[in-house]
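Results of the structural survey
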Amino acid sequence: MRQRQSKFVELEKLLSALHDDLADRDDITRIENLLDGDPEACEFYLDYTQMCAAVDLELGASQPVEISSSDGVRKAISQSTALFFKGQNTRQILRPNWRPLPWTAAAAAIVLCAGTLTFFAGKWLPFGSQTAVAAKEVPAIDNGVAILMGTVGASFGDSGLQPEASGGILPLGELQLESGIAEIEFYNGARVILEGPARFEIDSENSGILSEGRMRAKVPSQASGFHISTAQVEIVDQGAEFALRIGDDGQRTEVHCFEGTLTIYAADSSRDPKSQHHLLAQHALQFQNGAAKSIETDPMSFISFADMAQTSLKNASMRHQRWRDLVEEMRADDDILALYDFEDQGPRERTLVNQAAYQNQFTHGAIVGGRWTNGRWPSKGALEFNRASDRVRIHASGSYEALTFAGWVRADALPNSHNTLLASNATAPGTCEWLITRDGELQLKVRGADGKNIHHFTSQPVLTAKKLGKWHYLATVFDTESNSVRHYLDGREVSNSPIDTDTKLSISLGDAEIGNSSGRTPNGKRSIRNFTGRIDEFAIFRRSIDATELAEMYRIGKPH
């Protein structure tokens, strides 16, 4: 009995991975081996297929999939899988009009398993001595060589690299820092601070070219050989901290060594020993017109890494306070229904406070599984969602013909077909789900007046792989007056879909969850739809907020 249960536990895990497109060739081979000649395993498999088909129908499509449609399931799927979509269960498929002998039922189950496995894998996977052909995987490519670690008041020119935000990966190319400060960390460990206005080209994973402005560099021993060039010199670092300043006319370079030793060559000399200079700590040289002269080292003229950290922290504190002022304005808004700011709560708190609870529309939230952590700023609170159990349970009353959902989220991964931000647990007319798809699309799903038909309002993919692990301001506006659903990313409208229904839609939530969904399939099983990442602000308004106001909320609330 224990061995039989263990087999089904393993099979369920493998089928779950297969349904979520996470199974590799070894997993598929193992599924084949478990099903081959085992009618009980095949019956378990068919039940699981039925559940997944029901989930896809209930939650992923408003109309049953037509087997003959070129846009639907592949024609190679067996007729048994089609019966699942037409509402028949396993027992009806195996015994439509007659009661087969046990050996006949077993054979039928095995044949059905062979056919329906195609539904998940997207191709025929023959059993027996034949080998399943695995899909060819294209490896992801990282073309970055450095990271933008932090900025203070930074503004970048239009013709150079356009870093998305702090933490963004930088490829080869030129940074045109028009103003402010930017800290860069190379993959080899070398760190650079630029003070604007400055022009700095990242020309390899181990080097850069400064043509304008000031910079400070700190190179650990692991990055020995890191080199910086200017119009006058090439500096080869053997593990040191130094700074450069380019004259206003671009004809002069100052090199200040604070720690370690630098080797300096004349530009375009191919490191000719005759042009070589050695610069020790607490010394400085000025290069102009091919000549070098000693000058006093001046560490106070260049921002240090400690100063950069302190300035960044101070800047973050100021931005955090500006956002707090915005929260007070939002709290005073007559149309605010829910305002979860994730602030001033201890690490053991299991209640998420709704600052708009006085409106008596949305309750405080009950935290289940989620862990308290840092938000957009070091002093800001957030909840981390990692597991299928993590969620915040709330209750909402009322039905609304206009709603705006808005929140600051950091999606660390999109492992599920539905990565839920907010979902009603009910199936009554008007209940909804706000989510991010596996492809990075924003989607709002609203159940129609009949309680069955589900209306989907979906953007194009906006949360691409490069945007994962970073804070973004997401908003969706449901508005029956303008008859539209609009999605926003970082204050910018990314899609506008008409509400094309015969009857007027409205939204209600009832018992609902933030960061997850407890919706069950018809057979009582719960699908995995949890959000993976962090949330540190979540607001719901009972009106349509326009693009200008959302852009201002983003501007004040953005972390940098």
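In this report, the structure presented in the accompanying data block is examined. (Residues numbered from 1 in each chain as written. Predicted model: local features only at pLDDT ≥ 70, side-chain atom pairs only at ≥ 80, totals over all residues. Heavy atoms only, no water.)

Points about the pairing of strand β9 (residues 252-259)
- Across the 8 residues that make up β9, a large majority, 6, are buried.
- In this structure, strand β8 (residues 241-246) lies alongside β9, joined through 6 bridges in antiparallel fashion. Within β9, the residue paired with Ile-246 across the bridge is Thr-253.
- Counted between consecutive antiparallel strands, the loop separating β8 from β9 contains 5 residues, among which Gly-250 sits at a positive phi close to 75 degrees.
- Pairing geometry for β9 and strand β12 (residues 283-288), over 6 bridges, is antiparallel. Paired with Glu-254 across the bridge in β12 is Gln-286. (Buried < 20%, exposed > 50% of the residue type's maximum accessible area, 1.4 Å probe, protein only. Helix = DSSP H or I, 4+ residues; strand = E, 2+ residues; numbered from the N terminus. Pairing = 2+ DSSP bridges.)

As for the pairing of strand β5 (residues 207-218)
- Summarising the sheet, strand β4 (residues 191-204) and β5 pair through 10 bridges and their orientation is antiparallel. Looking at β5, one finds that Ile-193 is bridged to Arg-216.
- Taken together, β4 and the strand that follows it, β5, pair antiparallel across an intervening segment of 2 residues.
- Where β5 and strand β6 (residues 227-229) come together, 3 bridges link them in parallel fashion. When the sheet's bridge partners are listed, Gly-208 is paired in β6 with Ile-228.

What to know about the pattern of salt bridges
- If you walk through the whole model with that rule in mind, you get 25 salt bridges.
- Here Arg-376 makes a salt bridge to Asp-536, at a shortest N to O gap of 3.0 Å. Taken as a pair, Arg-376 in the loop between β17 (371-374) and β18 (381-385) and Asp-536 in strand β29 (residues 532-541) lie far apart in primary sequence, 160 residues in all.
- By relative accessible area, which is 6% here, Arg-376 ends up buried.
- Its salt-bridge partner being Arg-529, residue Glu-433 comes within 2.7 Å of it at the nearest N-O pair. On the criterion of sequence distance, the pair formed by Glu-433 in strand β22 (residues 432-437) and Arg-529 in the loop between β28 (510-514) and β29 is long-range, its members being 96 residues apart. As far as the burial class goes, Glu-433 and Arg-529 line up, both buried.
- Put simply, Asp-333, Asp-335, Arg-542, Arg-543 and Glu-549 are held in one network by salt bridges that share partners. (Salt bridge = Lys/Arg side-chain N within 4 Å of Asp/Glu carboxyl O.)

Section: the packing of aromatic side chains
- Applying the stated rule across the entire model yields 9 aromatic pairs.
- Consider the rings of Phe-258 and Phe-302, whose centres lie 6.4 Å apart with planes at 55 degrees: the pair is tilted. Highlighted residues: Phe-258 in strand β9 and Phe-302 in the loop between β13 (291-295) and α7 (305-331), separated in sequence by 44 residues.
- Accessibility expressed as a relative area gives 7% for Phe-258, which makes it buried.
- Taking 5.8 Å as the distance between ring centres and 20 degrees as the angle between the ring planes, the aromatic pair formed by Trp-408 and Tyr-554 counts as stacked. On the criterion of sequence distance, the pair formed by Trp-408 in strand β20 (residues 402-413) and Tyr-554 in helix α8 (residues 547-557) is long-range, its members being 146 residues apart.
- Looking at Trp-408, the relative accessible area reads 1%, which means it is buried. (Phe/Tyr/Trp six-rings, centres within 6.5 Å; stacked < 30°, edge-to-face > 60°.)

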